[in-house]
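So the chains spell out like this:
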Amino acid sequence: MSQVRSFKASTWEDTVTRIGLWWEQARAVVVVPVFKFLVALCLIMSVMLFVEMMYMGLVVAYIKLFKRKPEKVYKWVAMDEDDVECGGESFPMVLVQIPMYNEKKVCEQSIAAACKISWPSNRIIIQVLDDSTDPASKELVKKECERWSKEGVNITFEIRDNRTGYKAGALREGMKHSYVKQCDYVAIFDADFQPEPDFLFRTVPFLIHNPKLALVQGRWEFVNAGQCMMTRLQEMSLSYHFMVEQQVGSSTFAFFGFNGTAGVWRISALNESGGWNDQTTVEDMDLAVRATLRGWKLLYLDDLKVKSELPCSFNALRSQQHRWTCGPANLFRKMAGQIIRSENVSLWKKLYMLYSFFFMRKLVAHVLSFCFYCVILPATVLFPEVTVPKWAAFYLPSLITLLIALGRLRSIHLLAFWVLFENAMSLLRTKALVMGLFETGRVQEWVVTEKLGDGLKTKLIAQEPTDEHHVRFRDRVHLLELLVGAYLLFCGCYDIIYGKRTLFLYLLLQSTGFFVVGFGYVGR
């Protein structure tokens, strides 16, 4: 009996030894070389991204230093405000569209802001496009429109019997009404946006005096940026997007991704470009690309700020980020060939659209954040044969982070939290990017971002019953983020025990970031 046990033990030891030898051979011949290749690929992408951001930083510095305001580049002549009182017959006809979907918390303030826009009353039409499925929301919007109509505002309340095409479908149907034919321009505001009364006086003159301009868009300003840590971090990212990315595209190639709101379109350019298309969930960017391929120019005004609202709940933010990442990737898949074949766009502009706008900002930035900083770099503690240069692991990402922080200097003390949060969100974005590129899963999913409107001013947080609290806890748990958090924690502990680096400091902090996101304790 003892001989049998001894034989089994010997056999088990031999098996373990063989597996160990196979693993060592596979590690030396396959795993380590592949890993080194992936590290090299990430280093190349890191340098590419750094060069791209340095380029954009230099363009913005040039604009600021030499005061290259849009009024100096494009012809701009102020409208005669005295003519408003005389009937404003010299003013162009403007349509203002406000698409809505169950927006009872913000409908009153958004409709009021649109109705208070300064423009001759006989030269403006406010069109509220309500796709609400909630009867109470629809009734509230209808009553608000009726109230402003009684005060003399030319406002219409339009509904559909379906939600085909979501926002793009609503805008497309809105343009089919007979009264739209008399309009020259269309301004678009989402339900949580509150334009200042002088919005049209600052944008329309550009369109009047520059016949090749198709769009003039303003910058978003956030009324709830200071509500919590999550909104502060969102503000940092979006401030960089507007101050740098949008301004650079507008100033260098007269092209940028329309943000879907706070902009005025020339209706003839919109129609010539094919109108609103719902082939992706980023109908705004889609229209901007198609208009550019038709030879039209787009203008962004960084000093024209329009009040809006950031997502206040983490689930709302996740849905928004999924759409904002999946949509551009899907659009790149569908429009890359048309951009290459276009005869109305110069070679340099094509290069900018394909490389800078789509490839670097919409693809590489997301893939690099997750694959390099959350997967490959942590794995180097398990493979001492593979080393990442200090400039790539620390200096380059630090410089990139500082460049982004310049967009909102008042929040620079939150930089470390922003890095951890953005890396944690990169998993969601990378997953959405893959869905968009390969048109799988929730590629056409459209979830309207929840808004709170005037409810933000009260800052009251109601405590839910215990049972519902448990349901919410289960709903807000995100398994993939928790798995990545566990992986980073393991790598961090391994580095403490066996490693000779200080990478564990980053790994433990980043694992905490993934656990916080995974358990949904964000924005609470």
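Residue numbers run consecutively from 1 along every chain, following the written order of its sequence. A pLDDT threshold of at least 70 governs which residues receive local features in this predicted model, and a stricter bar of 80 or more applies before side-chain atom pairs are shown or counted, although totals over entire chains, interfaces and linings include all residues. Hydrogens and waters are ignored; side-chain quantities use all the structure's heavy atoms.

**Some words on helix α10 (residues 283–293)**
Line of reasoning, step 1. Three labels apply to residues, based on accessible area from a 1.4 Å probe with only protein chains included: buried if under 20% of the type maximum, exposed if over 50%, partly exposed otherwise in between. Each helix is a run of DSSP H or I of at least 4 residues and each strand a run of E of at least 2, with the numbering of both proceeding from the N terminus. In terms of burial, α10 is largely enclosed, as eleven of its eleven residues are buried.
Line of reasoning, step 2. For α10, the complete set of buried residues consists of Glu283, Asp284, Met285, Asp286, Leu287, Ala288, Val289, Arg290, Ala291, Thr292 and Leu293.
Line of reasoning, step 3. Working rule for contacts: check all heavy atoms of both residues, and any pair within 4.5 Å makes them a contact. Considering only its buried residues, α10 is in contact with α6 (166–174), β6 (263–266), α9 (267–272), β7 (297–308), α11 (314–341) and α12 (347–379).

**Topic: the UniProt feature "domain: Glycosyltransferase 2-like" (unreviewed entry) in the protein**
Line of reasoning, step 1. Mapped onto this numbering, the UniProt entry gives "domain: Glycosyltransferase 2-like" (unreviewed entry) at residues 185–382.
Line of reasoning, step 2. Structurally, residues 185–382 is divided into 58% helix and 15% strand, and its ends, taken at the C-alpha atoms, are 60 Å apart. UniProt positions are given in the numbering used here, feature names are shortened, and annotations may be inferred rather than shown by experiment.

**Observations concerning the pattern of salt bridges**
Line of reasoning, step 1. One side-chain nitrogen of Lys or Arg within 4 Å of one carboxyl oxygen of Asp or Glu is enough to make a salt bridge. For the structure shown, the criterion picks out 17 salt bridges.
Line of reasoning, step 2. Salt-bridge contacts for Lys176 lead to Glu173; the nearest nitrogen and oxygen are separated by 3.0 Å.
Line of reasoning, step 3. Residue class for Glu173 comes out partly exposed when judged on its relative accessible area of 32%.
Line of reasoning, step 4. Between Asp303 and Arg202 there is a salt bridge, with the nearest N and O atoms lying 3.5 Å from each other.

**Here's the deal with the nonpolar core**
Line of reasoning, step 1. Throughout this description, the term nonpolar core refers to a set of buried Ala, Val, Leu, Ile, Met, Phe, Trp, Tyr and Cys residues connected via side-chain atoms within 4.5 Å. Among the nonpolar cores identified, the biggest contains 156 residues, and Leu200 and Trp265 are the most heavily contacted of them.
Line of reasoning, step 2. A per-element tally of this core places α12 first, with 17 residues.
Line of reasoning, step 3. With residues near it in sequence (within four places) discarded, Leu200 still touches Val94, Ile117, Trp119, Ile124, Ala187, Pro205 and Val264.

**A short note on the pairing of β6**
Line of reasoning, step 1. Of the two faces of β6, the one carrying Gly263 and Trp265 and the one carrying Val264 and Arg266 are both buried.
Line of reasoning, step 2. For strand β4 (residues 185–188) and β6, the ladder comprises four bridges, and the chain directions are antiparallel. Bridge pairing in β6 links Ala187 to Val264.
Line of reasoning, step 3. Two strands form a pair only when DSSP identifies at least two bridges running between them. In this structure, strand β5 (residues 213–222) lies alongside β6, joined through three bridges in antiparallel fashion. Residue pairing in the sheet places Leu215 in a bridge with Trp265 of β6.

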